Amino acid sequence: MNRRFVAGARSGFRIFLPLSIGLVPWALVTGVALTSAGLSVVEAMGMNLMVYAGVAQIATLPLIMAGAPLWLIGLTGLALNLRFLIFSAAIAKGFHGVPLRLRIPSGYLLIDGVFAVCTERMLAVRDWRWRLGYFLGPSLWGWCLWQSFVLTGVLGAGALPQDWSLEFMATIALMVILVPLSKNRPMLVAALAGGVASVLLRGMPLKLGVIVAIVIGILAGFVASRAMPETKGA
């Protein structure tokens, strides 16, 4: 294995390790939610492997259980994952020189935390092997951690104490991820616009307010990135 790749993987793993702990409660909540929705272990883990996005899974489960139209379930999942389109565009230069056969699976592994802590340095290093290792090291660790604790939540849903407040812990974990993302002002604008819109539109039927709020946040972030492209800090 290339030494530069290994060096990058070690560096990426070290910087992501503290943040990755926040994946544990969120993965447990997702596993419990999948089981509570009546999915079998195979169905739950199959959905988790294919979707690999906790927010999208938890948001679409009530719609699936309620027999909502397929278009609404798909639209909800798509809207909640639109941020990865933005993340991919922002980190794309970090994959310059990386073979296509490696870029495609890397897209599947992209998660919020890795994007938040790894993008800046990936864009600054010239060696593509080091950059690839810097991305894949934490990304593969995050994938393994997520799958392991979702499975733990699926298998141990009935055994977990009800007073652990895992939902609150998962919310805190997402807030920890949001902090490094918000150091970029366009991202902060997108988060604030989407957050305010979600509160104002919470009364919309079929929870469509969440989808509309996401679109508003994305548009606000896009406008902000055009208005202040050189601004880094908040």
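On a predicted model such as this, the values are computed, not experimentally measured, just so you know. (Residues numbered from 1 in each chain as written. Predicted model: local features only at pLDDT ≥ 70, side-chain atom pairs only at ≥ 80, totals over all residues. Heavy atoms only, no water.)

Things to note about helix H9 (residues 128–155)
The end-to-end C-alpha separation of H9 is 40 Å, in line with the 40 Å expected for 28 residues at 1.5 Å each. Taking the backbone nitrogen of arginine 129 as reference, a side-chain oxygen 2.9 Å away marks aspartate 127 as the first, capping residue of H9. (Helix = DSSP H or I, 4+ residues; strand = E, 2+ residues; numbered from the N terminus. Expected span 1.5 Å × (residues − 1). Polar contact = N/O pair within 3.5 Å; in protein donor to acceptor, adjacent residues only side chain to side chain.)

Here's the deal with the side chain of asparagine 48
Topologically, asparagine 48 is positioned in helix H3 (residues 41–51). On the basis of relative accessibility, which here comes to 0%, the residue asparagine 48 falls in the buried class. A distance of 2.6 Å separates a polar atom in the side chain of asparagine 48 from a polar atom in the side chain of glutamine 147. Residue contacts for asparagine 48: discarding those within four places in its chain leaves Thr30, Leu34, Gln57, Trp146, Gln147 and Val150. (Buried < 20%, exposed > 50% of the residue type's maximum accessible area, 1.4 Å probe, protein only. Contact = heavy atoms within 4.5 Å.)

Section: the packing of aromatic side chains
The final tally for this structure, using the stated rule, is six aromatic pairs. Pairing tyrosine 52 with tyrosine 108 gives two aromatic rings, centres 5.4 Å apart and planes at 35 degrees, and the pair type is tilted. With tyrosine 52 in the loop between H3 and helix H4 (54–65) and tyrosine 108 in helix H7 (residues 100–109), the pair connects residues that are 56 residues apart, well separated along the chain. Classification of tyrosine 52 by relative accessible area gives buried; the value is 8%. In this structure tyrosine 108 comes out as partly exposed when scored by relative accessible area, which is 34%. Seen from their ring centres, phenylalanine 95 and phenylalanine 135 are 5.1 Å apart, and the 75 degrees between their planes marks the pair as edge-to-face. Of this pair, phenylalanine 95 sits in the loop between helix H6 (83–91) and H7 while phenylalanine 135 sits in helix H9, placing them 40 residues apart in sequence. Relative accessible area serves as the criterion here: at 1%, phenylalanine 135 is assigned to the buried category. An aromatic cluster of at least three residues, connected via ring pairs, comprises Phe84, Phe87 and Phe115. (Phe/Tyr/Trp six-rings, centres within 6.5 Å; stacked < 30°, edge-to-face > 60°.)

Any functional reading would require information that these geometric values do not contain.
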